[in-house]
Amino acid sequence: MAYTDLRDFVARLEREGELKRVAAEVDVDLEITELTDRVTKAGGPALLFERPCSARDGVTYAMPLLINMLGTKRRLEMALDVTSLGEVTQRMEELLEMKPPEGLIEKLKLLPKLSEIGSFFPKTVRSGPVKEVIERENFSLARLPVMWCWPQDGGRFITFPMVVTRSPRSGRRNVGCYRMQVYDERTTGMHWQVHKGGAEHFRWLERQGKGRRMDVAVALGADPVTMLAGVLPLPEDLDEFLFAGFLRQQPVELVKCETVDLEVPAQSEIVLEGYVDLDDIRPEGPFGDHTGYYSLTDNFPAFHVTCITHRRDPIYVSTVVGRPPMEDYWMGYAVERLFLPLMRKQIPEIVDMHMPPEGVFHNLMFVAIRKSYPGHARKVMNGIWGLPGAMFTKCIVVVDHDVNVQDSGEVAWKALNHIDPERDIQFTLGPVDQLEHASRLPNFGSKMGIDATRKWPTEGFARPWPDEIVMDPRVKRKVDEIWASRGLGVK
Ligand SMILES: Cc1cc2nc3c(=O)[nH]c(=O)nc-3n(C[C@H](O)[C@H](O)[C@H](O)COP(=O)(O)O)c2cc1C
Ligand SMILES: [Mn+2]
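All figures in this text were calculated on a predicted structure; none of them were measured in a lab. (Residues numbered from 1 in each chain as written. Chains lettered and ligands numbered in written order. Predicted model: local features only at pLDDT ≥ 70, side-chain atom pairs only at ≥ 80, totals over all residues. Heavy atoms only, no water.)

Q: Give me the lowdown on the site of ligand 1, citing residues and values where you can.
A: Near ligand 1 there are 19 residues, and of these Cys177, Tyr178, Arg179, His191 and Gly197 occur at the shortest range. Asn174 is positioned such that a nitrogen or oxygen atom in its side chain is 2.9 Å from an oxygen atom of ligand 1. Separating an oxygen atom of ligand 1 from a backbone N or O atom of Pro233 is a distance of 3.3 Å. When isolated, ligand 1 has an accessible area of 630 Å², and the protein chains bury 86% of it. Split by residue class, the shell around ligand 1 holds eight nonpolar, eight polar and three charged. (Near = heavy atom within 4 Å. Polar contact = N/O pair within 3.5 Å; in protein donor to acceptor, adjacent residues only side chain to side chain. Areas by Shrake-Rupley, 256 points an atom, 1.4 Å probe, with all protein chains shown as cover. Nonpolar A, V, L, I, M, F, W, Y, C, P; charged D, E, K, R; others polar.)

In structure tokens, the structure reads:
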């Protein structure tokens, strides 16, 4: 059974010893970051701060703050309700494998599958817990325990929202996780980067010239799968709430907003309704980002809040990014496992793929391929740079199928042995992540591919390629037998 809401997941975390309540007052300004950073890096539990406070503002907040809920592989698996993430990859593969049926029998066989998918569409319901309190007049963002994450940040930031918009062009919904800097009690920044769904909707507002404002709804806190869906780089116009329904095998229930023409999860903890305005673009940042560096001040639209609805006793959910690994590494890992089948659909020779934490998603990707023709590794790099979800990848290392890309040490060892740098490195130019601080221009720069596969004679390599050193299996078996009895002081 899928989790109904955030507190359902919190209850499970607590039952399984994966959640620690912090009853003491802890400051939302920097202190929660320092505490969480240490806990996350030590592989510790989710944290529920019951009395977040701010010494600077002289307040203790009425609502608790939840953080690090996805901060380990185990909790990520619990969130997705699987025993291993391989199950999620497999479910994704099955979805993609559905072919159009040929004969009548085939059509009949497909029926249960189709009705299954139909049943995952979001369901609009009349009301839900998020409507327990509706504040149209007397509302303020100052009541939320929003964190000041790092010393040089430009202010407090809402870090784990689901930002809902509707395309002015197609009418389709998008949900994205974009941080929001709190400017005052009723205004925030809206940090959707130039390549993201929300930014594309905003551009269409301008192109159409029909109005200056676009409705936006921000849901804070829902069942963990729906929250994760906001992080997924789904193809444009594919509704993240529909995808969440597929992943949790149960539709997401939505309710209509009070003041804007959008729907939000009925089970959310808190919802901010409002709009962005083509005529109100403001400086946003700096912000200590997931690269481990500050992203500098830049211009983004301001979000004006027109109404807040929430549960009677809401939980405010947050996350903090910074030098990896942080909680968002595990979110990225979920993306990796879900997108592998999608990548394989387009580049079937890919055996496995991994983005190690130090590469902060877009800086480094290891790809293992089954090499079949000369120059194959370069074809794969170019294919990856053309994929919407992977186009920013700064460095792609392509290895042969027998390299375990989940093991960074193995990749470094084999790749560095196998390359002749001048011959095997390829540069290209293209769009880069907006967080990229070293590129020659914002959003535009170079990328590098390393062909670390074995080189073939048909690629002009005439020298013999040596074998990897492997012990004779008979000797290994013999040593296995005598190992325990010899007491060599190692396990
Ligand atoms: C914790 C966290 C914070 C994020 N903050 C931002 C952000 O401020 N701006 C942004 O454009 N993307 C941010 N992202 C990445 C987007 O959520 C991600 O690219 C997502 O696919 C966007 O959805 P979209 O493709 O529907 O726009 C963040 C991701 C995580 C996990
Ligand atoms: Mn999207």
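Q: Describe in detail the coordination of the manganese ion (ligand 2), supporting the description with residues and values.
A: Around the manganese ion (ligand 2), the protein supplies Asn174 (OD1) and Glu240 (OE) as donor atoms, at distances of 2.1 Å. Within this pair, whereas Asn174 is found in strand E9 (residues 173–176), its partner Glu240 is found in helix H8 (residues 240–248), the two being separated by 66 residues in sequence. Judged by relative accessible area, which is 3%, Glu240 ranks as buried. (Donors = N, O, S within 2.8 Å, 3.2 Å for Na, K, Ca; no water. Helix = DSSP H or I, 4+ residues; strand = E, 2+ residues; numbered from the N terminus. Buried < 20%, exposed > 50% of the residue type's maximum accessible area, 1.4 Å probe, protein only.)

Q: Tell me about the nonpolar core, residues and numbers included.
A: Among soluble globular proteins, nonpolar side chains are generally buried collectively. Leu66, Met69 and Leu80 are the most contacted members of the largest nonpolar core, which has 59 residues in total. No other element matches helix H9 (residues 327–346), which puts nine residues into this core. Leaving out residues up to four positions away in the same chain, Met69 has contacts with Leu6, Phe9, Leu13, Ala46, Arg75, Phe160, Pro224, Met227, Val317 and Glu327. Within the second largest apolar cluster, 44 residues are counted, among which are Tyr61, Leu65, Cys149 and Tyr316. (Core = buried A, V, L, I, M, F, W, Y, C linked by side-chain atoms within 4.5 Å. Contact = heavy atoms within 4.5 Å.)

Q: Could you give an account of the pattern of salt bridges, naming the residues involved and the relevant values?
A: Across all of its chains, the model carries 51 salt bridges by this definition. With a closest N to O distance of 3.5 Å, Arg143 and Glu135 form a salt bridge. The exposure class assigned to Arg143 is partly exposed, which follows from its relative accessible area of 38%. For Glu135, a relative accessible area of 18% gives the class buried. Put simply, Arg12, Glu16, Glu18, Arg74, Arg75 and Asp81 are held in one network by salt bridges that share partners. (Salt bridge = Lys/Arg side-chain N within 4 Å of Asp/Glu carboxyl O.)

Q: Give me the side chain of Asp424: which residues, what numbers.
A: With respect to the helices, strands and loops of the structure, Asp424 is situated in helix H12 (residues 421–424). For Asp424, the side chain forms a polar contact with the main-chain nitrogen of Asp420, separated by 2.8 Å. Not counting residues up to four positions away in its chain, the partners in contact with Asp424 are Arg378, His418, Ile419, Gly449, Ile450, Asp451 and Lys455.

Q: Requested: an account of the sheet that holds strand E14 (residues 263–265), with residues and values cited.
A: Strand pairing in a sheet is mediated by backbone hydrogen bonds. Such pairs are either parallel or antiparallel. Read from one edge to the other, the open sheet built from three strands follows the order E5-E13-E14, with strand pairing classed as mixed. The strands lining the two open edges of the sheet, one partner per strand, are strand E5 (123–124) and E14. Where strand E13 (residues 253–256) meets E14, three bridges bridge the pair, whose relative direction is antiparallel. Across the sheet, Lys256 pairs through a bridge with Glu263, a residue of E14. (Pairing = 2+ DSSP bridges.)

Q: Please provide a residue-by-residue account of unusual backbone geometry, values included.
A: Cis geometry marks the peptide bond from Gly285 to Pro286; its omega dihedral reads -5 degrees. Within the fold, Pro286 resides in the loop between strand E15 (270–284) and strand E16 (287–288). Residues Pro324 and Pro325 are joined by a peptide bond in cis, for which omega reads 0 degrees. With respect to the helices and strands, the residue Pro325 is situated in the loop between strand E19 (316–317) and H9. Phi angles above zero are rare outside glycine, and Asp81 is one such case at about 60 degrees. Structurally, the position occupied by Asp81 is in the loop between helix H3 (73–80) and helix H4 (86–97). One non-glycine residue, Phe361, lies in positive phi territory at about 70 degrees. Locating Phe361 in the fold gives a position in the loop between strand E20 (350–354) and strand E21 (365–369).

Q: If you had to explain the packing of aromatic side chains to someone new, which residues and values would you point to?
A: According to the stated counting rule, one finds ten aromatic pairs in the structure shown. Seen in terms of ring centroids, Phe157 and Phe287 are 4.5 Å apart; in terms of plane orientation they differ by 50 degrees. Their pairing is tilted. In this pair, Phe157 sits in strand E7 (residues 157–158) while Phe287 sits in strand E16, placing the two residues 130 residues apart along the sequence. With relative accessibility at 0%, the residue Phe157 sits in the buried group. Look at Phe287 and you get buried, because its relative accessible area is 4%. Considering the side-chain rings of Trp192 and Phe202, the 5.8 Å spacing of their centres and the 50 degrees angle between planes classify their relative orientation as tilted. In this pair, Trp192 is assigned in the loop between strand E11 (187–189) and helix H6 (197–208) and Phe202 in helix H6, connecting sequence segments ten residues apart. Per residue, the accessibility class of Trp192 equals that of Phe202, and both read buried. Each member of the aromatic cluster is reached from another via a ring pair, and the members are Phe120, Phe243 and Phe246. Here Arg207 stacks its cationic end above the ring of Trp204, 4.7 Å away from the centre of that ring. (Phe/Tyr/Trp six-rings, centres within 6.5 Å; stacked < 30°, edge-to-face > 60°. Lys NZ or Arg CZ within 6 Å of the ring centre and 35° of its normal.)

Q: Tell me about the sheet that holds E21, residues and numbers included.
A: A sheet is described by the order of its strands in space; here five strands give the open sequence E20-E21-E22-E24-E23, paired in mixed fashion. Lying at the two open borders of the sheet, with one neighbouring strand each, are E20 and strand E23 (425–431). Taken over all neighbouring pairs, the strand axes of this sheet differ in orientation by 20 degrees on average, direction set aside. Note: strand E22 (residues 395–400) against strand E24 (residues 444–451), four bridges, orientation parallel. Bridge pairing in E24 links Ile396 to Gly449. (Axes fitted to C-alpha atoms, helices over the stretch in contact; angles between N-to-C directions.)

Q: Describe the packing of H4 against H8, listing the residues and the values that go with them.
A: With their axes 11 Å apart at the nearest point, H4 and H8 run at an angle of 115 degrees to one another. Remark: the crossing between H4 and H8 carries right-handed chirality. Across the interface between the two elements, Val88, Arg91, Met92 and Leu95 from H4 touch Phe243, Phe246 and Leu247 from H8. Class assignment for the residues of the contact of H4 with H8 results in six nonpolar, no polar and one charged. (Left-handed = near helix turned anticlockwise from the far one by under 90°.)

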